[in-house]
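Here is how the chains run, residue by residue.
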Amino acid sequence: MKIIFKLICLILLLNKSIVESKYYGVEYQESTCGTNNHPCSFYNIKEIGVADAVFKLDYSHYGDLLGKDFKLFEKVVSGNFIEGYFQIDKVFRQLVHPSRRFDYSLDDKFFTIRENSSIIEQLNFESNSKEMINVYQTYGDEVPNFQSSWIIKEILDGNCIFTTINNLLSTSQGIVEADYVWVAIPDPVGCAQPKDKCAFPFILTPTYTRDDNRCITFTGCVRILKNPLCIFDLSSCPSFYKKVSFASGPDACPKVYCDPVL
């Protein structure tokens with residue numbers, strides 16, 4: 001009976017911590033501390049949607065999880081205080097818009113898709129939720145060779161938080177226009193090694209395609225230099241994005257993506 005009672009208490013405690021988890025913008029800071037002004041590092045943690053709700057976390061305790069050298073709201077965390085200790089549930093990294101930067105204000109509303117559902121929820125405001133049927137994103141307009149299908153899948157799977165254009169949700173068609181997006185990190189791909197052996201490797205080269213999880217799949221063998229113009233790949237990616245390329249069909253020309261550096 002005692003064991004059952006303890007299990008019930010543990011379940012209630014876990015549920016309580018999940019319900020009370022909130023979202024916070026994070027800023028890395030370096031300063032001097034103590035009477036001898038020794039160098040020290042810490043994080044400013046700002047609760048989303050609440051004025052003057054700021055506290056600090058010590059780098060020595062959270063550095064392995066949060067890293068260093070980033071500005072306010074380049075990272076967002078979800079978490080809560082458990083027995084006086086701030087417990088972080090998830091860390092999210094901002095996808096950068098090359099032509100503009102995110103400047104946080106109290107008016108900004110952050111949203112996420114509830115896991116295993118089509119319900120969009122406003123962060124730190126449990127009463128504001130709506131059913132959603134489609135999602136659009138704005139990165140493909142600014143980042144060349146951006147894999148839009150990947151970020152849409154991440155949003156729909158509940159792995160992202162995001163703001164919307166003009167802080168609005170469509171009230172008629174259930175359409176969400178995600179503007180700034182933060183992706184849960186680390187970003188494990190976990191792709192299987194493709195089977196890509198060609199019978200005549202000096203004549204043929206393997207080609208691939210990539211799915212919405214950014215995993216490449218072998219699609220067949222193509223004669224090397226079938227299209228000689230393929231060697232002139234002058235594409236590049238903006239800052240905070242890295243170039244990823246692989247041979248693709250039908251002529252083994254490189255397929256290029258600009259993936260975010262997370």
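A brief look at the structure comes next. The shown structure was predicted, so the numbers you read here are calculated from the model rather than taken from an experiment. (Residues numbered from 1 in each chain as written. Predicted model: local features only at pLDDT ≥ 70, side-chain atom pairs only at ≥ 80, totals over all residues. Heavy atoms only, no water.)

### Observations regarding the overall build of the protein chain
- Looking only at helices and strands, the protein chain features three helices and 15 strands.
- In the protein chain, which comprises 262 residues, the share counted as buried stands at 40%.
- Long-range contacts, defined here as pairs at least 24 residues apart, represent 51% of the contacts in the protein chain between residues at least 6 apart.
- About 15700 Å² of surface is accessible on the protein chain, with carbon and sulfur atoms providing 55% of the total. (Helix = DSSP H or I, 4+ residues; strand = E, 2+ residues; numbered from the N terminus. Buried < 20%, exposed > 50% of the residue type's maximum accessible area, 1.4 Å probe, protein only. Contact = heavy atoms within 4.5 Å. Areas by Shrake-Rupley, 256 points an atom, 1.4 Å probe, with all protein chains shown as cover.)

### A word on the environment of Cys258
- Tracing the sequence through the fold places Cys258 in strand β15 (residues 253-260).
- The buried category is assigned to Cys258, whose relative accessible area is 1%.
- Distance in space between the C-alpha atoms of Cys258 and Val244 is 6.3 Å, their sequence separation being 14 residues.
- What Cys258 contacts, discounting residues up to four positions off in sequence, is Val143, Pro144, Asn145, Phe146, Ser236, Cys237, Pro238, Tyr241 and Lys242.

### Here's the deal with the pairing of strand β7 (residues 119-122)
- Summarising the sheet, strand β6 (residues 111-113) and β7 pair through three bridges and their orientation is antiparallel. Along β7, the bridge assignment pairs Phe111 with Gln122.
- What sits between β6 and β7 in their antiparallel hairpin is a turn of five residues, with Asn116 showing a positive phi close to 60 degrees. (Pairing = 2+ DSSP bridges.)

### Comments concerning the packing of aromatic side chains
- Counting across every chain of the model gives 26 aromatic pairs.
- Relative to Tyr59, the ring of Tyr43 lies with its centre 6.0 Å away and its plane at 40 degrees, an arrangement referred to as tilted. Linking Tyr43 in strand β2 (residues 38-47) with Tyr59 in helix α2 (residues 59-66), this pair joins segments that are 16 residues apart in sequence.
- Overall, the relative accessible area of 0% leaves Tyr43 in the buried class.
- Seen from their ring centres, Tyr43 and Phe70 are 6.1 Å apart, and the 20 degrees between their planes marks the pair as stacked. Of this pair, Tyr43 sits in strand β2 while Phe70 sits in the loop between α2 and β4 (75-82), and the two are 27 residues apart along the sequence. Considered together, Tyr43 and Phe70 belong to a single accessibility category, that of buried residues. (Phe/Tyr/Trp six-rings, centres within 6.5 Å; stacked < 30°, edge-to-face > 60°.)

### What about helix α3 (residues 148-156)?
- All of the buried residues along α3 are Trp150, Ile151, Ile152, Glu154 and Ile155.
- On its buried face, α3 is in contact with β6, β9 (134-137), β10 (160-164), β11 (175-185) and β15.
- Downstream of α3 by a residue or two, Gly158 has a phi angle that is positive, lying close to 80 degrees.

### Description of the pairing of strand β13 (residues 216-223)
- The sheet contact formed by strand β12 (residues 204-210) and β13 spans seven bridges and is antiparallel. Bridge pairing in β13 links Tyr208 to Phe218.
- Linkage of β12 to β13, two consecutive antiparallel strands, is achieved through a turn of five residues, within which Arg214 is found at a positive phi near 65 degrees.

### Focus on α2
- If you check which residues of α2 are buried, you get Tyr62, Gly63 and Leu66. Along the axis of α2, the buried positions cluster into a sector of 130 degrees, meaning they face one direction only. Of the residues in α2, the exposed ones pointing more than 90 degrees away from the buried face are Ser60, His61 and Asp64.
- As for α2, its buried residues are in contact with β1 (22-33), β2, β3 (54-58), β4 and β5 (85-94).
- Directly beyond the C-terminal end of α2, a positive phi value near 75 degrees is found at Gly67. (Arc of directions from axis to C-beta.)

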